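# Notes for the structure review
Listed here are the chains, written in short residue letters.
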Amino acid sequence: MSIGLEGYTLTFSDEFTGTYLDTNVWKTKYWWGGRTLADNGEKQYFADRSTSVVQKYPAADPFRIVPDRTEGETGDGILSITAQLSPNKRLTDGLPYVSGMINTHGAFSQTYGYFEIDAKVPAGQGLWPAFWMLPQSGNWPPEIDVLELLGHDPSSYYVGAHWSGADGAHRYDTTKVGAGLDLSQGFHTYGTLWTPDSLSFYLDDEQVGPTLDIRGLGFDEPMYLLAGLAVGGNWPGDPDATTRFPAEFQIDAIRVYAAGGTGEAATPPVVTDPSATATVKGTDSPLGDRLSGTAGNDVFWGGAGADRFTFAAGMGGRDVILDFDPTLAGEVVEISKALAGVKGFSALYRNIQDDPASGDAVLKFAGGSITFADVSKAQLGYDDFVLV
């Protein structure tokens, strides 16, 4: 059965047309700061330009965008995620490989719809390209797996889902899909249609595998997108002498559709202050806004949607957020470690105190502070901050 998207509207699209990955949309590490999944036995370190290994060895940068030379695709680009041997394991947490992962946590999430990636997967023992979805809330499970491929068998891939059973135990349903051709030899579109009742999977717009009944299993909250190239692990096994590096997971496009909708651009608006001291007001976009000040005392008002309040190194000042909602999934304060003067959440949380007069939570750091109007310290938690 072919996928039919009549009545659906495009809500997210990245055709990778720029010169480099758009970091306003894509994060390159997990929301908790992790750069690998040790529980999976993975052997790669997810690097980016902020990491020491790339700063010292620029060729280790896993991300690059090249023009798409396909006929009719003028102006389009292809994101290449490259896995290779670590040039210095002391800079990759002792892991032997460097690779990349992208995700839209805090920038885009959606409940239900059609989610697809147009990609060319690498072949080779121990290579593990994937495209999947996780809850914006940080919960796990549930999880939706649109594409997982084990590089030693590029003629098949896996689709499925994870959830919690009534007893709280982890449950999953993973299906191997035989493609009937070597998927590493060209670009193919991998998609999932997610409705309140079911998950259906598609390869090149044709349904493959079973339709999963997900009623009552907790698949009812916004999920964000992830794509990456893992190396090694409990499932694919480690690379061997036959594995060729560097290996590339090439992505031509990632798109999301929703039933109905307005078709509004999926990239959240970026709002900055026009002066050293200003009120920075959001646009009320349903996708939320990215609000950023400069040096000076700023007042932030995000408005509708889950907003990201960004505080970069050098901003300083006594800033106030008027409408921070710690109960809203995806609403976060993104603050640089250099500005906060800390390296982790525990230290940051110790620097938050309730104002004796107002009861408002105040995060203090050298040269400034952030006040959360009408929010106490007890209401704030790990999910409300992103340290970069």
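Shown above is the structure to which this text applies.
My aim in this report is to walk through the structure given alongside it, one point at a time. (Residues numbered from 1 in each chain as written. Predicted model: local features only at pLDDT ≥ 70, side-chain atom pairs only at ≥ 80, totals over all residues. Heavy atoms only, no water.)

### Overview of the nonpolar core
Looking at soluble globular proteins, one finds that nonpolar side chains tend to be buried together. Put simply, the rule is: Throughout this description, the term nonpolar core refers to a set of buried Ala, Val, Leu, Ile, Met, Phe, Trp, Tyr and Cys residues connected via side-chain atoms within 4.5 Å. A 1.4 Å probe rolled over the protein chains alone gives each residue an accessible area, and that area as a share of the maximum for its type sets the label: buried under 20%, exposed over 50%, partly exposed in between. By definition, residues are in contact when any of their heavy atoms lie within 4.5 Å.
If you look at the biggest cluster of nonpolar residues, it comprises 51 residues, and the most contacted ones within it are Ile117, Tyr157, Ile251 and Ile254. In this structure, Ile117 is in contact with Phe131, Leu147, His188, Thr189, Tyr190, Ala227, Phe249, Ile251, Ala253 and Ile254, ignoring residues within four places of it in sequence. In terms of nonpolar packing, the next biggest core, distinct from the first, is built from 25 residues, Phe300, Val333, Ala361 and Ile370 among them.

### Thoughts on the packing of aromatic side chains
This is how the line gets drawn: Only Phe, Tyr and Trp rings take part, Trp by its six-membered ring, and two of them pair if their centres are within 6.5 Å. Stacked means planes under 30 degrees apart, edge-to-face means over 60, and tilted covers everything else. Helix and strand labels come from DSSP, where a helix needs a run of H or I of at least four residues and a strand needs a run of E of at least two; each type is numbered from the N terminus.
All chains considered together, the criterion is met by 21 aromatic pairs. When the centroid spacing of 6.2 Å and the interplanar angle of 65° are considered together, the rings of Tyr30 and Phe46 count as edge-to-face. Residue Tyr30 is located in the loop between β1 (8-14) and β2 (44-46), and its partner Phe46 is located in strand β2; the two are separated by 16 residues in the primary sequence. Tyr30 gets classed as buried once you look at its relative accessible area, which sits at 3%.

### Quick notes on the layout of surface pockets
Let me state the cut-off plainly: The method works on a 1 Å grid over the protein atoms by themselves. A cavity is a set of points holding a 1.4 Å probe that cannot get out, a pocket is an open set with protein on both sides within 12 Å along at least five of seven lines, and residues with an atom within 4 Å of a point line them. Grid points are joined across faces, edges and corners, and a volume is the space filled by probe spheres set on the points. Amino acids outside the nonpolar list (Ala, Val, Leu, Ile, Met, Phe, Trp, Tyr, Cys, Pro) and the charged list (Asp, Glu, Lys, Arg) are all regarded as polar, and Gly is one of them.
Looking at the largest pocket, its volume works out to about 1000 Å³. Around the largest pocket sit 45 residues that line it, and Lys29, Arg35, Ser50, Leu387 and Val388 are the ones nearest its centre. Listing elements by their share of the lining of the largest pocket, those giving two or more residues are β19 (290-292), β21 (308-311), α3 (345-350) and β27 (385-387). The class makeup of the residues in the lining of the largest pocket is 19 nonpolar, 15 polar and 11 charged. Approximately 710 Å³ is the volume found for the second largest pocket. Looking at the second largest pocket, it is lined by 29 residues, and the ones nearest its centre are Leu37, Asn40, Trp132, Trp140 and Glu143. Within the residue set of the lining of the second largest pocket, elements represented by two or more residues are β8 (127-135), β9 (143-148), β11 (170-178) and β15 (223-231). Element by element, the count of residues in the lining of the second largest pocket is highest for β8, at 5 residues.

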